[in-house]
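The residues making up each chain are set out below.
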Amino acid sequence: MSVAYKNRIQDFKVALTEENINLQTLRELCFNGIPFEGGIRALSWKILLNYLPLDQTRWDSFLKKEREVYTQFLKEMIIQPGIAKANLGLSREDVTMEDHPLNPNPESRWNTYFKDNEILLQIDKDVRRLYPDMAFFQRPTDYPCQLILDPQNDYETLRRRVEQTTLKAQTVNRNRSGVTNVSSPGKSLNLYPSNEYEVLPNGSEAHWEVVERILFIYAKLNPGIAYVQGMNEIVGPIYYTFATDPNSQWKEHAEADTFFCFTNLMSENRDNFIKSLDDSQCGITYKMESVYSMLKEKDQELYFKLEFLLPDVIRIWDTLFSDQDRFHFLILVCCAMLILIRENLLAGDFTVNMRLLQDYPISDVHTILTKAKELQDNS
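Residues numbered from 1 in each chain as written. Predicted model: local features only at pLDDT ≥ 70, side-chain atom pairs only at ≥ 80, totals over all residues. Heavy atoms only, no water.

Engineer: Which residues make up the overall build of the chain, and what are the values?
Structural biologist: Within the chain, the secondary structure is distributed over 18 helices and 2 strands. When the accessible area of the chain is evaluated, it comes to approximately 20900 Å², of which 50% is carbon and sulfur surface. (Helix = DSSP H or I, 4+ residues; strand = E, 2+ residues; numbered from the N terminus. Areas by Shrake-Rupley, 256 points an atom, 1.4 Å probe, with all protein chains shown as cover.)

Here is the structure:
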C-alpha cells in the first residue's frame, strides 16, 4: 500500500468521524474512488445515498428504527402472505369459507398471492443469474434471515414459494392427435436446471435469495412500478458492497440497509423504469436523446449516422453517487465512452459498431471517468 493511498484512507477516516459530516468534503473525496478498507466505501455509500443522516449522534437511534421497520415488512409481506405452519398469530388457514384459492374477488388474499407470484417469478429468474462471472451471489450468507428460516416456525421462503408455483402452474399442450401433455413450465422452459445451483442445507440461504427478498418487498411497496428487469443490476452492487463490509456490525444488517439505500436511489430514478413515461421528459427515451444531444455538442463528427465487471461497476458508482446531479453525470459517462472509441465507431458500419459497444474495448474505468469529468468541466 503506497503512502499516497494510506493518506487517502486517513482523509476518509477524518471526514467520516466528524460529528456532523461535511457532505461536500465527502463528495470530493469519493469522486476519485472510495477505499474498501475499514468499511469506508459501504459507510460512504450509505451517506451519499441519503440513508444515514449527516449528524452522527443520530445514527444509533435512526438505524434501530429503520431496521425495525424492515423487520415489519418481512412479517407483513413475506411471512403473512405465505402458507405458514407457525402459531404466532401470523398464520392463516389454507382454505376458509370467506377466502379460498378460487375466490374471484380482487380483494381476495389468495388473488393477491397469485398476482405476487407472477412478479416473484420475474425477480427469481433475474437474481439467480446475478453477476454469473463471480461466485459471491451463489454462496451462503453468514447472516441468514432467522425470522423466516427458523425451523421452529417453518415459514414458506420465497425460494420455496417459487418452487411450489412452478410445480402447480402447468403448461398444457394439445398435439394433433388430441393427446394432452401436461408439464411444469420450469421444466419445459428449462428455467431452473437441477444441476445449475448448489442446494443449500436447511437454515441457509444464498446471497441471491437476500437480493430476491429485497426486490420483492420493494415491488410490494411500490405497486405502480413493481419490478422491472434491470433493478437487479442496481441493487446487486449495493448489496455486495454492504454484505462484504469488513465491519461485522454493519455487515449483519446488509439486507435492511441495502433495501433503504436502493429505495432512495430508485426514488431519484424510478421514472426510467415506468414504461408509460418512456417518451416523456423524465423517461428513458428522453434520457437517451440527452446522450445524443450532448454528443452532438461535444463531437459533431461522431454524432451518427454494456457491460462492466462488478468491481468496475462499483468504482464507477463511487463517482456517480458522489455527484450531486448523479444521473446527469451518468449521461456524461455514456458520452465519454463513445468519444473514447470515436475512431473505431466512425470507421465501422452498424453491425461492427453494435459488436464494439456490446464488447466495449476500454477496461480502465478511470480513463472513462476522467473523460466524463473533462466533459463536465467544459460544459
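Now that the structure is up, let's keep going.
Engineer: Any details on the environment of Asp150? Residues and values, ideally.
Structural biologist: Mapping Asp150 onto the fold places it in the loop between α6 (146-149) and α7 (158-168). The partly exposed category is assigned to Asp150, whose relative accessible area is 25%. As a C-alpha pair, Asp150 and Gly203 span 53 residues in sequence and 6.9 Å in three-dimensional space. (Buried < 20%, exposed > 50% of the residue type's maximum accessible area, 1.4 Å probe, protein only.)

Engineer: Tell me about the nonpolar core, and please be specific about residues and values.
Structural biologist: Leu52, Tyr70, Phe137, Leu215, Tyr239 and Trp317 are the most contacted members of the largest nonpolar core, which totals 96 residues. Discounting chain neighbours no more than four positions away, the residues touching Trp317 are Trp45, Glu233, Ile234, Pro237 and Ile238. (Core = buried A, V, L, I, M, F, W, Y, C linked by side-chain atoms within 4.5 Å. Contact = heavy atoms within 4.5 Å.)

Engineer: Which residues make up the packing of aromatic side chains, and what are the values?
Structural biologist: Evaluation of the coordinates by the stated rule reveals 16 aromatic pairs. Pairing Phe136 with Tyr240 gives two aromatic rings, centres 4.8 Å apart and planes at 85 degrees, and the pair type is edge-to-face. Residue Phe136 is found in the loop between α5 (109-127) and α6, and its partner Tyr240 is found in helix α10 (residues 231-243); the two are separated by 104 residues along the sequence. In textbook terms, an aromatic cluster arises when at least three aromatic residues are bridged by ring pairs, as seen for Tyr51, Phe62, Tyr70, Phe73, Phe259 and Phe260. Of note, Lys46 hangs over the ring of Phe242, and the distance from its end group to the ring centre comes to 3.8 Å. When the ring centre of Phe31 is taken as origin, the NZ or CZ atom of Lys373, which lies over that ring, is 5.7 Å away. (Phe/Tyr/Trp six-rings, centres within 6.5 Å; stacked < 30°, edge-to-face > 60°. Lys NZ or Arg CZ within 6 Å of the ring centre and 35° of its normal.)

Engineer: Account for the pattern of salt bridges, naming residues and giving values.
Structural biologist: In this structure the tally under the stated criterion is 13 salt bridges. Across the pair Glu343 and Arg342 runs a salt bridge whose closest N-O atoms are separated by 2.7 Å. Using a relative accessible area of 52% as the deciding quantity, one classes Glu343 as exposed. Residues joined in a network through salt bridges with shared partners are Glu205, Arg213 and Glu255. (Salt bridge = Lys/Arg side-chain N within 4 Å of Asp/Glu carboxyl O.)

Engineer: Residue-level account of the packing of helix α14 (residues 310-322) against helix α15 (residues 326-340), with values.
Structural biologist: Close contact between α14 and α15 brings their axes to 7 Å; oriented N to C, the two are set at 135 degrees. Between α14 and α15, the crossing angle belongs to the class labelled oblique. Two secondary-structure elements touch here, α14 through Thr319, Leu320 and Phe321 and α15 through Arg326, Phe329, Leu330 and Val333. Partitioning the contact of α14 with α15 into residue classes produces 5 nonpolar, 1 polar and 1 charged. (Axes fitted to C-alpha atoms, helices over the stretch in contact; angles between N-to-C directions. Parallel < 35°, antiparallel > 145°, perpendicular 65-115°, else oblique. Nonpolar A, V, L, I, M, F, W, Y, C, P; charged D, E, K, R; others polar.)

Engineer: Give a description of empty space enclosed by the protein that names residues and reports values.
Structural biologist: Roughly 70 Å³ of volume is contained in the largest cavity. Residue lining of the largest cavity: Ile78, Ile148, Leu149, Thr157, Leu158, Arg159, Glu205, Glu209 and Arg213, and that is the complete set. Secondary structure elements with two or more residues in the lining of the largest cavity: α6, α7 and α9 (207-221). For the lining of the largest cavity, the residue count by class is 4 nonpolar, 1 polar and 4 charged. (1 Å grid on protein atoms, 1.4 Å probe; cavity = no way out; pocket = protein on both sides within 12 Å on 5 of 7 lines; lining within 4 Å. Points joined across faces, edges and corners; volume = space filled by probe spheres on them.)

Engineer: Go over the packing of α9 against helix α12 (residues 254-269), please, and point to the residues and values.
Structural biologist: Relative orientation of the contacting elements α9 and α12 amounts to 45 degrees, with a least axis distance of 10 Å. As summarised for this structure, α9 and α12 are arranged oblique, according to the angle between their axes. Helix-helix and strand crossings are classified by hand; for α9 and α12 the assignment is right-handed. The residues of α12 that touch α9, namely those facing Val210, Arg213, Ile214, Leu215, Ile217, Tyr218 and Leu221, are Glu255, Thr258, Phe259, Phe262, Thr263 and Met266. (Left-handed = near helix turned anticlockwise from the far one by under 90°.)

Engineer: Lay out the environment of Asp55 with the relevant residues and their values.
Structural biologist: With respect to the helices, strands and loops of the structure, Asp55 is situated in the loop between α3 (40-48) and α4 (59-79). Relative accessible area serves as the criterion here: at 22%, Asp55 is assigned to the partly exposed category. Sequence spacing of Asp55 and Asn22 is 33 residues, and the spatial spacing of their C-alpha atoms is 9.6 Å. For Asp55, the residues in contact, after removing those within four places along its chain, are Glu19 and Asn20.

Engineer: Describe the environment of Arg342, listing the residues and the values that go with them.
Structural biologist: Following the sequence through the fold, Arg342 ends up in helix α16 (residues 342-347). Residue classification places Arg342 among the buried residues on the basis of a relative accessible area of 18%. At 2.7 Å, the side chain of Arg342 and the side chain of Glu343 are in polar contact. (Polar contact = N/O pair within 3.5 Å; in protein donor to acceptor, adjacent residues only side chain to side chain.)

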